Amino acid sequence: MTTEKEKQQLNRERSKILDQWVKWFETPLIILSFCWLTLLVIELTLGLSPFLETLSFTIWLIFIFDFLVRFFLAPFKLFFLKSNWLILLALALPPLRLF
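Residues numbered from 1 in each chain as written. Predicted model: local features only at pLDDT ≥ 70, side-chain atom pairs only at ≥ 80, totals over all residues. Heavy atoms only, no water.

In this section: the pattern of salt bridges. Applying the stated criterion across every chain, the model contains one salt bridge. Across the pair Arg70 and Asp66 runs a salt bridge, and its minimum N-O distance is 3.0 Å. One end of the pair, Arg70, and the other, Asp66, are both in helix α2 (residues 50-73), four residues apart, so they sit about a helical turn from each other. Classification of Arg70 by relative accessible area gives buried; the value is 13%. Taking relative accessible area as the criterion, Asp66 reaches 9% and is therefore assigned buried. (Salt bridge = Lys/Arg side-chain N within 4 Å of Asp/Glu carboxyl O. Helix = DSSP H or I, 4+ residues; strand = E, 2+ residues; numbered from the N terminus. Buried < 20%, exposed > 50% of the residue type's maximum accessible area, 1.4 Å probe, protein only.)

Estimated volume of the largest pocket: approximately 340 Å³. Counting only elements with at least two residues in the lining of the largest pocket, the list comes to α1 (4-45), α2 and α4 (85-92). The element best represented in the lining of the largest pocket is α1, accounting for six residues. The residue makeup of the lining of the largest pocket, split by class, is 12 nonpolar, one polar and three charged. (1 Å grid on protein atoms, 1.4 Å probe; cavity = no way out; pocket = protein on both sides within 12 Å on 5 of 7 lines; lining within 4 Å. Points joined across faces, edges and corners; volume = space filled by probe spheres on them. Nonpolar A, V, L, I, M, F, W, Y, C, P; charged D, E, K, R; others polar.)

Such coordinate-based values are descriptive only and should not be taken to indicate function.
See below:
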């Protein structure tokens, strides 16, 4: 059975790991977001080739993976979801597209 002190220490460690994760992957994810946005514009105007569709899908999966890693590392899950609800919504919308 874990004590309150051990829980606090675990939360601090998880928070440090989460901060490191964000530090490492923030810039690459920003670059990927611009790539995905470009692909979205191409899709809406010209349509995507099968290769570009696969690329768009892969980028979307990377975003989902990042969100899940940050969620599982977050020491306070409910706070994380409340502060990242828009990201969760944005990740859920692409598979719900009907066009």
